[in-house]
Amino acid sequence: MVAAPELISPKSSRVSAARRLGKRNFRGKERLFLAEGPQAVREAAAHGGLVEMFATVDAAERYADIVGEARDAGARVHLADESVIADISTTVTPQGLVGVCRFLDAPFEEILAARPKLVAVLAHVRDPGNAGTVLRCADAAGAEAVVLTDGSVDLYNPKAVRASVGSLFHLPVAMGVPVEDAVAGLKAAGVRILAADGAGDDDLDDELDKGTMGTPTAWVFGNEAWGLPEETRALADAVVRVPIHGKAESLNLATAAAVCLYASARAQRAPGGCRSVTPN
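Let me sum up the structure you'll find in this document. Model, not experiment: these values are computed from the prediction.

Description of the nonpolar core
Counting 59 residues, the largest nonpolar core has Leu50, Met53, Val146, Trp219, Phe221 and Leu261 as its most contacted members. Examining the composition of this core, we find that eight residues originate from one element, helix H13 (residues 253-269), more than from any other. Contacts of Val146, omitting those with residues within four sequence positions, involve Ile111, Ala120, Leu122, Leu135, Ala138, Leu171, Pro172, Val173 and Ala174. Core analysis: the next-biggest nonpolar cluster, separate from the first, contains 23 residues, Ala182, Leu186, Ile193 and Ala218 among them.

Shown next as C-alpha cells:
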C-alpha cells in the first residue's frame, strides 16, 4: 500500500507567512507577493520570481510539469489540502496552486538606460484589475516597460497580479515614480510623451495618418474616474483621444490603453518606424 503524501500543517509558520501576504503592509515588509493559478505560477518559475509554492495533491498531479519547473527553479514545494490553499488564496474558487514570489519592480533609472521604445505610464490608477490588465496589454503590444506613478495601486495586489495573467513577470515595472519625474526622464531618453484623454485635441487616427507615431513613445493613462489632470496633460507632447466612431459614450481604461499601445506598436514596425527591420 502506497503511503499518502505528507501534507503541510495548516498551523505551519510557512502557511501563516503566506497568508499574511494578502495584506499590502506585509508584502512591502517582506518584499514578497502571491501569484495564484497555474499560469501565474508557471511564469513566476520560468522568469526567476518563484520562491515557494503550495499545491493540493490533485493540482500537483495535474500540473506536474509546473511542480517540476518550480523545483528546478529552486522553489520550495509544499503539498497541502484544499483548506490550506483556500486559507492562503484570495480567490473564491482557488485553482490548487499558490506561489510566493519575490518583488520584481525595477529602478526607473534602469528602464531609462535601456532606451525603451514603448512604455505605458499609469498615473494615479487606483483599480488593481485595470492596472493588471493594462500591464497585460503593454506586454502583448511589445512594450519594454510599465511605470506606475506615486498614488497608483500596488501592482502586487492579488487582483492586479491575477489580471496581468503572468505578464507581471515579463517586463520591467517601476513603481512610485512622481509623474513629473517619469515624464522628464522619458523625454530626456528621447521618448515622445502622449497623454491619452477622451477630450484630447489630437485624434489617434490623425496621428497615425500624419506618420508621427513611429518614434519611441510613452503613453500616459490616467485615473479611471477623473482621467488626467490639466497639469499632467500639460507635460505631454500631445494629448490624444481615441476616436469614437459609434454611439458609445467612452472606452474604459484598459480598452483605450490596448488601442493606443497597439497603434504605436503598428506604427513603430512600419517602414521608417523605430523598430523597422532594414532588409539585408
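So, the sheet that holds strand E4 (residues 97-102)
The strand order E1-E4-E2-E3 describes an open sheet built from four strands, whose pairing is mixed. Each of the sheet's edge strands pairs with one partner strand only, and the pair in question is strand E1 (32-36) and strand E3 (76-79). The mean angle between the axes of side-by-side strands here comes to 20°, regardless of whether they run parallel or antiparallel. Its contacts with the sheet place helix H1 (residues 13-20) against E1, strand E2 (50-55), E3 and E4, and it is angled at close to 110° to E2. Against the sheet, helix H5 (residues 64-72) contacts E2, E3 and E4, and its axis sits at roughly 145° relative to E2.

As for the pairing of E4
Strand residues, when the strand is regular, have side chains that alternate between the two faces of the sheet. Most of E4 sits inside the fold, with five of its six residues counted as buried. Sheet analysis places E1 next to E4, joined by five bridges and oriented antiparallel. Bridge pairing in E4 links Ala35 to Gly99.

Considerations on the packing of helix H8 (residues 128-141) against H13
Running from N to C, H8 and H13 point in directions that differ by 15°, and their axes come no closer than 9 Å. In terms of orientation, H8 and H13 fall into the roughly parallel class. Regarding H8 and H13, the two cross each other, and that crossing is right-handed. Along its contact with H8, which presents Asn130, Thr133, Val134, Cys137, Ala138, Ala140 and Ala141, the element H13 presents Leu253, Ala254, Ala257, Ala258, Leu261, Tyr262, Ala265 and Arg269.

Calculation rules
Residues numbered from 1 in each chain as written. Predicted model: local features only at pLDDT ≥ 70, side-chain atom pairs only at ≥ 80, totals over all residues. Heavy atoms only, no water. Core = buried A, V, L, I, M, F, W, Y, C linked by side-chain atoms within 4.5 Å. Buried < 20%, exposed > 50% of the residue type's maximum accessible area, 1.4 Å probe, protein only. Helix = DSSP H or I, 4+ residues; strand = E, 2+ residues; numbered from the N terminus. Contact = heavy atoms within 4.5 Å. Pairing = 2+ DSSP bridges. Axes fitted to C-alpha atoms, helices over the stretch in contact; angles between N-to-C directions. Parallel < 35°, antiparallel > 145°, perpendicular 65-115°, else oblique. Left-handed = near helix turned anticlockwise from the far one by under 90°.

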